[in-house]
Amino acid sequence: MPFFTAYDGTRLAYHAFGDGLPVVCLPGGPMQASAYLGDLGGLSAHRQLIMLDLRGTGQSAVPKDTGSYRCDRLVDDVEALREHLALDRMDLLAHSGGTNLAMLYAARHPERVSKLVLIGPSAMAVGITVTADVRRETALLRKDEPWFPAAFAALEEIMAGTGDAFEAIAPFWYGRWDETARAHKAAENGQKNSEAAATFGAEGAFDSDATRAALIRFTSPVLLVAGEVDLNSPPPAMAELAKLFPNAELIVQARAGHFPWLDDADRFVATTAAFLR
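Not measured: the values here are computed from a predicted model. (Residues numbered from 1 in each chain as written. Predicted model: local features only at pLDDT ≥ 70, side-chain atom pairs only at ≥ 80, totals over all residues. Heavy atoms only, no water.)

Draft legend 1. Spatial organisation of the overall build of the chain. A count of helices and strands for the chain gives 11 helices and 8 strands. Here the C-alpha atoms of the chain give a radius of gyration of 18 Å, agreeing with the 19 Å that 2.2 N^0.38 yields for 277 residues. In terms of its C-alpha atoms, the chain occupies a principal-axis envelope of roughly 50 × 40 × 40 Å. When each of the 277 residues of the chain is scored for burial, the buried share is 53%. (Helix = DSSP H or I, 4+ residues; strand = E, 2+ residues; numbered from the N terminus. Rg over C-alpha atoms; globule rule 2.2 N^0.38 Å. Buried < 20%, exposed > 50% of the residue type's maximum accessible area, 1.4 Å probe, protein only.)

Draft legend 2. Spatial organisation of helix α5 (residues 179-186). Residues of α5 that are buried include every one of Ala 181, His 184 and Lys 185, and no others. Projection of α5 onto a plane perpendicular to its axis shows the buried side chains occupying an angular sector of 95°, all on one side. Projecting away from the buried face of α5 at angles above 90 degrees are the exposed residues Glu 179 and Ala 186. Where α5 is buried, its residues meet α6 (188-191) and α10 (260-263). (Arc of directions from axis to C-beta. Contact = heavy atoms within 4.5 Å.)

Draft legend 3. Spotlight on the pairing of strand β5 (residues 90-95). Most of β5 sits out of view: 6 of its 6 residues are buried. Both faces of β5 are covered, namely the face carrying Met 90, Leu 92 and Ala 94 and the face carrying Asp 91, Leu 93 and His 95. In this sheet, β5 lies alongside strand β3 (residues 22-26) in parallel orientation, the contact comprising 4 bridges. Counterpart to Cys 25 in the pairing with β5 is Leu 93. Strand direction decides the pairing type here: β5 and strand β6 (residues 113-119), joined by 6 bridges, are parallel. (Pairing = 2+ DSSP bridges.)

Draft legend 4. Up close: the environment of Ala 270. You can see Ala 270 is positioned in helix α11 (residues 265-276). A C-alpha to C-alpha distance of 9.8 Å links Ala 270 and Gly 42, two positions 228 residues apart in sequence.

Draft legend 5. Local environment of the packing of helix α2 (residues 98-108) against helix α8 (residues 208-216). For the pair α2 and α8, interaxial distance at closest approach is 9 Å and the crossing angle is 65°. As α2 packs across α8, the resulting crossing turns out to be left-handed. Residue-level contacts link Met 103, Leu 104, Ala 106 and Ala 107 of α2 to Thr 211, Ala 214 and Leu 215 of α8. (Axes fitted to C-alpha atoms, helices over the stretch in contact; angles between N-to-C directions. Left-handed = near helix turned anticlockwise from the far one by under 90°.)

Draft legend 6. Spotlight on the state of the cysteines. Going through the model one piece at a time under the given rule, you end up with 0 disulfides. Looking at Cys 25, it has no disulfide partner, and the nearest cysteine sulfur is the one in Cys 71, 17 Å off. The class of Cys 25 is buried, set by a relative accessible area of 0%. (Disulfide = S-S within 2.5 Å.)

Draft legend 7. Structural detail: the packing of aromatic side chains. In total, this model carries 12 aromatic pairs according to the counting rule given. Between Tyr 36 and Trp 261, the aromatic rings sit 6.3 Å apart at their centres with planes inclined by 45°, giving tilted as the arrangement. Here Tyr 36, found in the loop between β3 and β4 (48-53), pairs with Trp 261, found in helix α10; they are 225 residues apart in sequence, far enough to count as distant. Across the pair, Trp 261 and Tyr 36 agree in class, each one buried. Each ring, one from Tyr 174 and one from Phe 259, has its centre 4.9 Å from the other, and the planes form 20°; the classification is stacked. (Phe/Tyr/Trp six-rings, centres within 6.5 Å; stacked < 30°, edge-to-face > 60°.)

Draft legend 8. Up close: the environment of Gly 175. Along the polypeptide, Gly 175 turns up in the loop between α4 (148-160) and α5. Sequence-wise, Gly 175 and Glu 228 are 53 residues apart; in three dimensions their C-alpha atoms are separated by 8.7 Å.

Draft legend 9. Main features of the sheet that holds strand β2 (residues 11-17). Strand order in the open sheet formed by 8 strands is β1-β2-β4-β3-β5-β6-β7-β8, and the pairing between neighbours is mixed. Edge positions in the sheet fall to β1 (3-5) and β8 (248-253), since each of these pairs with one other strand and no more. Along the sheet, successive strands turn relative to each other by an average axial angle of 25°, direction set aside. Bridge analysis of β1 against β2 gives 3 bridges, and the strand direction is antiparallel.

So far we have only geometry, and geometry alone does not tell us how the molecule works.
Okay, structure coming up:
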């Protein structure tokens, strides 16, 4: 497993899958080990995937300064990886919470990003919020699923601030709540650094106005992939995010949840590989 050293001496790990031109991949969680990404449904057959374990996750070391888990400070780790790989410009792919980091990196180093792929994006970095009404409308698309009544009741309580049964709403994150999805979800707790996750979006991590202003000037091609039934990143909010970029395309993957490469690997890979070609 390859390692490199960050600006503060922290030893960081990454995993390489496949051959061809590299794509640097940033995991979400936030602050979850990159293992949950797998090889993104077989995208490694088209490009070499460089999966970064963010500091304090996976095989990367825990930093001396745990304040460095903050999203804006992680930008320097991504830049250190680019330098380690000797890439003048790179294609950058991120999922979920990691898309905040990717957007901050693109805002700070636009000249270093050739193409940007945002999968099931979070939009904290640019101040876009998902309303309860949009989440409810997205959830109701699943009303014919056998698990729906209990999961929807738990979701309503969470959104009302009267419940915290987050495990009960797990089926909403996947397009199919099958054995593969259950195993993927079960592995999550062992892959996530909760302390780091709590610091990721701490005060000072995001300046949404400044980031928006920078992304308006970011002219490289951007692909946003949203799952049709993704409760975390529903298509209406993703359409709002796409409008911030001058050269962006939003693809809504039918019947997919928050992990579209699990729900329909062939469709996800075809879409993403075509953009990265």
